[in-house]
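Fold and contact review
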Amino acid sequence: MNAPEFQRNPQTAATAAASDRLATIAAGEVVPTEIHDEVLAEEPLITIDGFNLSYGPKQVLFDIGMPIPRGKVTALIGPSGCGKSTLLRSVNRMNDLIDTVSVSGRIALSGDDVYGKGVDVIELRRRMGMVFQKSNPFPMSIRENVVYALRINGERNRAVLDAVCEKALRGAALWDEVKDRLDESALGMSGGQQQRLCIARAIAAEPEVLLMDEPCSALDPIATTRVEELILRLRGDYTVLIVTHNMQQASRVSDYTAFMYLGQVVEYGPTAQLFTNPHLRETEDYITGRFG
């Protein structure tokens, strides 16, 4: 299959000011996504092309087309209910758990069609680590939390498990804090430590991508800083797609940002440019707090 030709809107800022894309979207029409050249110049790990999703008769994602650059952090921002988490969960097919869901279009991971016939969804999810809004450590030891994926895959070699545990905890900047209590319950850790433990558990399986759904929304400022520092450390080793309601967080941790509104991607470009000099007036209005 040929690479998708992502829609790009050639309008200048002046002509964009004459039309209100957000009103057009609210009226139920699909508008072309403004994708910056810098995004298109990157090598994508994930390719989303013409993707639509509905819950029963209600469509919630409309003609999403965007490449997710390999080894970079991409943030999804937008008002509550705009489809950010739905899009994130579409990448690893977590929305399949909802009986009424239907999709069309294509999402590819390293060229493999995520929604293709015969896809092993369990294997697909092994290729993608998932970190949720609320930390969800298992009621077992810190060690067993980290190596859980290896255990269920049949790994029993203690030396292998210990090596993976240490590597993942170091990768999650947690090793020095817990190395002397690996056999204690993970439920006794602080909230911020639990979230970093969940990240360690995700990277222990050596995924190609990390999906993060508002990973800091339940954390205090200090714990949030630690997780943000960790995301910056993981950049390059992993491709990270993160949903955040906090625009300042997106500006701190991401290389690229996509602004979503009512199930559509309005503008998608380098984070620094999107936050300081976006192509579209509508993006500037949202970034500066004029709406949303």
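Structure shown above.
Residues numbered from 1 in each chain as written. Predicted model: local features only at pLDDT ≥ 70, side-chain atom pairs only at ≥ 80, totals over all residues. Heavy atoms only, no water.

1. A few points about helix H8 (residues 158–171)
- Between its terminal C-alpha atoms H8 stretches 20 Å, which fits the 20 Å expected from 14 residues at 1.5 Å a residue.
- Among the residues making up H8, those that are buried are Leu161, Cys165, Ala168 and Leu169. Relative to the axis of H8, the buried residues are bounded by an arc of 95° and lie together on one face. Away from its buried face, by an angle of more than 90 degrees, H8 presents the exposed residues Ala159 and Lys167.
- On its buried face, H8 is in contact with helix H6 (142–146), helix H7 (148–152), helix H9 (175–178) and helix H10 (191–204).
- Where H8 begins, the capping side chain belongs to Asn157, and its oxygen is found 2.9 Å from the backbone nitrogen of Ala159. (Helix = DSSP H or I, 4+ residues; strand = E, 2+ residues; numbered from the N terminus. Expected span 1.5 Å × (residues − 1). Buried < 20%, exposed > 50% of the residue type's maximum accessible area, 1.4 Å probe, protein only. Arc of directions from axis to C-beta. Contact = heavy atoms within 4.5 Å. Polar contact = N/O pair within 3.5 Å; in protein donor to acceptor, adjacent residues only side chain to side chain.)

2. Focus: the nonpolar core
- By size, the foremost hydrophobic cluster in this structure holds 49 residues, and its most contacted members are Val146, Leu169, Leu197, Ile199, Leu210 and Met212.
- With six residues, the single largest contributor to this core is H10.
- With residues up to four places along the chain from it excluded, the contact list for Ile199 reads Val131, Met212, Val227, Leu230 and Leu234. (Core = buried A, V, L, I, M, F, W, Y, C linked by side-chain atoms within 4.5 Å.)

3. Details of the layout of surface pockets
- Each pocket or cavity is described by its volume, and for the largest pocket that value is around 610 Å³.
- Forming the boundary of the largest pocket are 21 residues, of which Arg125, Arg126, Met128, Met130 and Ala149 lie nearest the centre.
- Elements with a contribution of two residues or more to the lining of the largest pocket: helix H5 (121–126), strand E7 (128–131), H7 and H10.
- For the lining of the largest pocket, the element with the most residues is H5, which contributes four residues. (1 Å grid on protein atoms, 1.4 Å probe; cavity = no way out; pocket = protein on both sides within 12 Å on 5 of 7 lines; lining within 4 Å. Points joined across faces, edges and corners; volume = space filled by probe spheres on them.)

4. Section: the sheet that holds strand E2 (residues 44–55)
- Spatially, E3-E2-E5-E6 is the arrangement adopted by the four strands of the open sheet, whose pairing is antiparallel. The two strands at the open ends of the sheet, each matched to only one other strand, are strand E3 (58–69) and strand E6 (112–113).
- With two bridges connecting them, strand E5 (residues 101–109) and E6 associate as antiparallel partners. Bridged to Ala108 within E6 is Asp113. (Pairing = 2+ DSSP bridges.)

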